[in-house]
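# Commentary on secondary and tertiary structure
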Amino acid sequence: MGIVNQENISDVVIDSLGKNGVITDRQREIMTSLIKHMHGFIKDVKLQHSEFLEACNYLVRAGKLSNDNRQEFILLADIIGVEVLVDMMTNPVEGTASESTVLGPFYRENPPVLPKGGSTIQKHFDNEETAYFEGYIRDETGKGIAGVTLDVWEDAPNGIYENLDPDQPEYNLRGRFETDENGHYAFVAVRPVPYPIPEDETAGELLRFMGHHPNRPGHMHFIISKDGYRPLISQIYDADSKWLEDDSVFAVKESLIGKFKPAPKELGTDLHFEFDFVLKTAADAKAVAAE
């Protein structure tokens, strides 16, 4: 029945699914739950039409802000813990595999390809602390994996990513590296500093509406990938950083926290940071191995 009232509106909309076009079981599952929860939310808060229009206009403004340098909807999802929850649903912790966390809105594709031990630093800052990052990428049996690609990126010592800062060179503090025959990686960068996520425009409006701060602890981003293994998107965090236990995007996990130490003289940097990752074998690769 298509005649609606407050009691039956959710059922009427759900019953319409697939009536005039083919939808998959997954589409039906997603839309049914979305409709139930959205309608439930509206009833719970007694949403008013003026508030509905304000929300629509807000999303329009967020869309207009999104570009190659700033994905506003990912930023908004981060602020309310949505992206980290989706990531946890997508990448459940299993066995010894390293934990993932959010990609964030500031990744850039095709960073400079650099040799093992190379530096991502293109511009120096007075307050920077240079750091030698190294570790091993291993499989679930503990064996090092050769030829793993690592994309790394971080904010500058002024707390700004280069794609948001016209005074930094293109791809500053970004690089792509590869593990050696033993699964070892190494590169030179700077100690990441805490920084505020953009708090202007719609992201700032949401933070202020929530009464929350914009700050993130210091961290280095990683995308780690190799054929036959599940790609890992993660971050490693400075154990001594401010905001570690009060991250504005709720992305810090205990297993991803590491410690900066004074660097041996031969490394040529101020600090040394060691961190290992374990990659999970891709499901399709496991299936082939089992045949």
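The model shown is predicted, which means the values in this text are computed figures rather than measured ones.

Interfaces are often sized by the amount of accessible area the parts lose when they come together. Entries for the protein in the domain assignment read domain 1 (8-47) and domain 2 (73-289). Placing the centre of domain 1 and that of domain 2 at their C-alpha centroids yields a distance of 37 Å.

As a further point, take the packing of helix α3 (residues 49-65) against helix α6 (residues 201-210). For the pair α3 and α6, the least separation of the axes is 8 Å and the interaxial angle reads 135°. In terms of orientation, α3 lies oblique with respect to α6. Seen from α3, the contacting residues are Tyr58, Arg61, Ala62 and Leu65; seen from α6, they are Glu201, Thr202, Ala203, Glu205 and Leu206. Here the contact of α3 with α6 is composed, by residue class, of five nonpolar, one polar and three charged.

Once that is clear, we can look at the environment of Asp227. Tracing the chain through its elements places Asp227 in the loop between β7 (219-225) and β8 (232-238). Asp227 sits 56 residues away from Ala283 along the chain, and the two C-alpha atoms are 11 Å apart.

Among the nonpolar cores identified, the biggest contains 44 residues, and Phe133, Ile137, Phe187, Phe222, Ile224 and Phe277 are the most heavily contacted of them. Element by element, the count of residues in this core is highest for β7, at four residues. In this structure Phe277 touches Ser98, Tyr136, Ile137, Arg138, Tyr185, Phe222, Ile224, Leu232, Ser234 and Ile236, once residues within four positions along its chain are discounted. With eight residues, the next largest nonpolar core counts Phe125, Leu173, Val188 and Val190 among its residues.

This next bit is on the pairing of strand β11 (residues 271-274). Pairing of strand β1 (residues 130-138) with β11, which is carried by four bridges, proceeds in the parallel orientation. Bridge pairing in β11 links Tyr132 to His272. Pairing between strand β10 (residues 261-262) and β11: two bridges, direction antiparallel. Bridge pairing links Pro262 to Leu271 in β11.

According to the stated counting rule, one finds 17 salt bridges in the structure shown. Between Arg70 and Asp200 there is a salt bridge; the shortest N-O distance is 2.9 Å. Remark: Asp200 occurs in the loop between β5 (195-196) and α6 and Arg70 occurs in the loop between α3 and α4 (72-79); sequence separation between them is 130 residues. For Arg70, a relative accessible area of 11% puts it in the buried group. Take Asp200: its relative accessible area is 39%, and that puts it in the partly exposed class. Linking Lys280 and Glu94 is a salt bridge whose minimum nitrogen-to-oxygen distance equals 2.5 Å. In this pair, Lys280 is assigned in the loop between β12 (277-278) and α7 (283-290) and Glu94 in the loop between α5 (82-90) and β1, connecting sequence segments 186 residues apart. The partly exposed category is assigned to Glu94, whose relative accessible area is 36%. Taken together, the shared-partner salt bridges in this structure form one network comprising Glu129, Arg191, Asp238, Asp240 and Lys259.

Where a strand is regular, its side chains alternate between the two sheet faces. Counting buried positions along β1 yields seven of nine residues, so the element is predominantly enclosed. Here seven bridges tie β1 to strand β4 (residues 184-190), and the two strands are oriented antiparallel to one another. Among the inter-strand pairings, Thr130 is bridged to a residue of β4, identified as Val190. Bridge count for β1 against β12 is two bridges, and the pairing is parallel. Bridge pairing links Ile137 to Phe277 in β12.

Rules and cut-offs
- Residues numbered from 1 in each chain as written.
- Predicted model: local features only at pLDDT ≥ 70, side-chain atom pairs only at ≥ 80, totals over all residues.
- Heavy atoms only, no water.
- Domains from an automatic or database assignment.
- Axes fitted to C-alpha atoms, helices over the stretch in contact; angles between N-to-C directions.
- Helix = DSSP H or I, 4+ residues; strand = E, 2+ residues; numbered from the N terminus.
- Parallel < 35°, antiparallel > 145°, perpendicular 65-115°, else oblique.
- Contact = heavy atoms within 4.5 Å.
- Nonpolar A, V, L, I, M, F, W, Y, C, P; charged D, E, K, R; others polar.
- Core = buried A, V, L, I, M, F, W, Y, C linked by side-chain atoms within 4.5 Å.
- Buried < 20%, exposed > 50% of the residue type's maximum accessible area, 1.4 Å probe, protein only.
- Pairing = 2+ DSSP bridges.
- Salt bridge = Lys/Arg side-chain N within 4 Å of Asp/Glu carboxyl O.

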